[in-house]
Amino acid sequence: MAKFSTSVRGDRGGMREERQRQQNDQPHDDGELTVMEFLRFLALFFLLLLPVLSILFLTQKASKPKRQPSPISLPRSYPVIGSFFAVLANSNRRLQWLSDIVQLSPSATYVLHRNFATLQVLTANPDIVQHILKTHFHNYSKGANFHQTFKDFLGQGIFNVDGEPWKFQRQVASHEFNTKSLRKFVEIFVDTELSDRLIPILSSAAGTGTVLDFQDILQSFAFDNVCKIAFGFDSAYLLPSLPQTNFAKAFEESVTISSERFNAAIPFPIVWKIKKLLNIGSEKRLRIAISEVREFAKNIIREKKHELREKASLDSVDLLSRFLSSGHSDENFVTDIVISFILAGRDTTSTALTCMRLYPPVASDSKEAVNDDVLPDGTVVKKGTRVTYIPYAMGRSETLWGPDWAEFKPERWLKREEGENRQWKFEGRDVYTYPVFQAGPRICLGKEMSFLQMKRVVAGVVRRFKVVPAMGEGVEPEFIQLITSKMKGGFPVRIIERDDVNR
Ligand code: HEM
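Okay, so let's go over this structure. Predicted, not measured: the structure shown is a model, and the values here were computed from it. (Residues numbered from 1 in each chain as written. Predicted model: local features only at pLDDT ≥ 70, side-chain atom pairs only at ≥ 80, totals over all residues.)

## Observations regarding the overall build of the protein
Scanning the protein from N- to C-terminus turns up 16 helices and 14 strands. Within the span of the protein, comprising 503 residues, buried residues form 37% of the whole. Intrachain contacts of the protein at a sequence separation of at least 6 include 71% that bridge at least 24 residues. (Helix = DSSP H or I, 4+ residues; strand = E, 2+ residues; numbered from the N terminus. Buried ≥ 20, exposed ≤ 12 C-beta atoms within 10 Å, placed from the backbone. Contact = placed C-beta atoms within 7 Å.)

Written as structure tokens, this is what we have:
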């Protein structure tokens, strides 16, 4: 059905395995499995977990043979394993389940018991969101768990660090992001991509009546854009006639497997660490993919450095050129930054273009408590506890959006102006009620840029075409969550060219 399916374009055979050996410059240190960790895991697994699991599993099965977990009950918790069964049973609807749990809780906040007495605070409460993202920002970091899980892929990039390394990158990047020349550069590239690639594809689909995967098309569009912005490289992902670049495939694979490490239903990092140590399965694929991504980025960096030596200045104003021109020349450092930016801008804008309040691109986001704390509703947080705020649940909250929260009502965002004309005026919600771009000191750096892109795409496409969903009657899109979220199986649409408008 999808004419340009990213998952099938090109073959994976092109990734040369020997490249995995070339990752000496990649930071692996704190993602490594230590012997002690391994032994501890085995001991715990056999001595504690396995018998407990078996007994509880058998008793559960015997008493409730065919019952599905109720979507509206709070999970049961057991000694040692916490709510393991509930987490496992809901692993294929994790986001909706977490959303249901917080909606059921009095202050929209619930403490989930994970294995070995580990706790995770889940919240959809704007006061708590403000507490962790702004007023107590210094007590809530990305944390060691997140950092370790994504370190192979993101290294020390802005998305994966806290403290001074984050502060430094944030300062440099926000300075570069706020320049007029970068804005102009983005505008020109978005317009070219729109007129030379997106519009012709839609026009052709309209002519032939082909059903397109609109999500796939917009992802390719956003990927081309963000590669150009981040390092001046045209990935030409939206062009069906060109073979798909290994870079795009390898990037997708790296995101998917790294996210699976984090969201695994069985939350033992030891599992991926053992696979990584043995270099098998998904961890082997991840190693190859990351190597491919980093090597590609480094080649571009070397070319630009060469150009800089030859010409004393760079022609392009992409972010990488700006970093290099301003004296930041360490290869690992700039590679990490570029990868973080591509990740940040890649699927977010496309998800936002297909759906927004009810399906936010970053559907849930976790922070780790640096010290003990008490949240505004009285929930006690111990040092090291993960506190997860869930924009997906917040967009569906009756308390925040009223009983008609599920309805598409653009008036939610509009207000009549005072005076004679009584024009409609945009009125945003506060960033803690609607933290889709996060909030506080780590608010999304690309917010303005993504609006610039989205407005241009909407104006360019909607003026000329009708985009009609081609899903079966009553079929609801299924939302899946990686680092960013998207619709499972894509978003099939028919394109109808308007003939009643001035172009
Ligand atoms: C609709 C589109 C977008 C949405 C909804 C979005 C959302 C977010 C969110 C929720 C975060 C916080 C993630 C975290 O710290 O856990 C974030 C961070 C970030 N975003 Fe975006 N983003 C979008 C587009 C973009 C684009 C196009 C770029 C750049 C080209 C970008 C660059 C960044 C960067 C660099 C950060 C890290 C900021 C920091 O840690 O200080 N984003 N974004």
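From this point, things continue past the structure.
## Things to note about the sheet that holds strand β14 (residues 492-497)
With respect to topology, three strands assemble into an open sheet ordered β4-β14-β11, the strand pairing being antiparallel. Each having just a single partner strand, β4 (211-213) and β11 (465-469) make up the two edges of the open sheet. Averaged over all adjacent pairs, the angle separating strand axes in this sheet is 40°, with direction ignored. With five bridges connecting them, β11 and β14 associate as antiparallel partners. By the bridge assignment for β14, Val468 is matched with Arg494. (Pairing = 2+ DSSP bridges. Axes fitted to C-alpha atoms, helices over the stretch in contact; angles between N-to-C directions.)

## Some remarks on the site of the ligand
Taken together, 23 residues lie around the ligand, and Ala344, Gly345, Thr348, Cys444 and Gly446 are the ones closest in. Going through the elements one at a time, α8 (214-231), α13 (331-354) and α16 (447-462) are the ones with two or more residues in the shell around the ligand. Among the elements that line the shell around the ligand, the one with the most residues is α13, at six residues. For the shell around the ligand, the per-class residue count stands at 14 nonpolar, six polar and three charged. (Near = placed C-beta within 6 Å. Nonpolar A, V, L, I, M, F, W, Y, C, P; charged D, E, K, R; others polar.)

## A few points about the nonpolar core
Judged by nonpolar contacts, the single largest core of 64 residues is most densely connected at Ala230, Phe231, Val293, Val338 and Ile342. Not counting the four nearest positions on each side in its chain, Ala230 is found in contact with Asp318, Leu319, Leu320, Val338, Phe341 and Ile342. If you look at the next biggest cluster of nonpolar residues, it comprises 27 residues, including Val129, Ala369, Leu375 and Met394. (Core = buried A, V, L, I, M, F, W, Y, C linked by C-beta atoms within 7 Å.)

## Description of unusual backbone geometry
The backbone of Ala236 sits at a positive phi, close to 50°, despite the residue not being glycine. Locating Ala236 in the fold gives a position in the loop between α8 and α9 (246-263). On the neighbour-count criterion, Ala236 (18 C-beta atoms within 10 Å) is partly exposed. For Gln438, which is not glycine, the phi dihedral falls at a positive 60°. Mapped onto the fold, Gln438 is located in the loop between β10 (424-426) and α16.

## Some details on the packing of α13 against α16
The N-to-C vectors of α13 and α16 enclose an angle of 45°; their axes lie 10 Å apart at closest approach. As judged from the angle between their axes, α13 and α16 are oblique. Note that α13 runs across α16; the crossing there is right-handed. Note on element contacts: α16 touches α13 through Ser450, Gln453, Met454 and Val457, opposite Thr348, Thr349, Ala352 and Leu353. (Parallel < 35°, antiparallel > 145°, perpendicular 65-115°, else oblique. Left-handed = near helix turned anticlockwise from the far one by under 90°.)

## Focus: the pairing of strand β5 (residues 365-369)
Counting buried positions along β5 gives four out of five residues, so the element sits mostly inside the fold. Taken together, the two bridges between strand β3 (residues 140-141) and β5 define a ladder with antiparallel strand orientation. Opposite Ser141, over in β5, you have Glu368 as the bridge partner. Alignment of β5 against strand β8 (residues 386-389), held across four bridges, turns out to be antiparallel.

## Thoughts on the sheet that holds β5
Adjacent strands of a sheet pair through backbone hydrogen bonds, lying either parallel or antiparallel. A sheet is described by the order of its strands in space; here five strands give the open sequence β1-β2-β8-β5-β3, paired in mixed fashion. At either end of the open sheet lies a strand with only one pairing partner, and these are β1 (109-113) and β3. Pairing analysis gives five bridges linking β1 to strand β2 (residues 119-123), with the strands arranged antiparallel. Within the sheet, the bridge partner assigned to His113 lies in β2 and is Leu119. Against the sheet, helix α3 (residues 94-104) makes contact with β1 and β2, and its axis sits at roughly 75° relative to β2, the strand it touches most. Packed onto the sheet, helix α5 (residues 143-154) meets β3 and β5 and runs at close to 125° relative to β5.

## Considerations on the environment of Ser73
Position of Ser73 relative to the elements: it lies in the loop between α1 (35-63) and α2 (84-89). What makes Ser73 exposed here is the crowd of 11 C-beta atoms within 10 Å.

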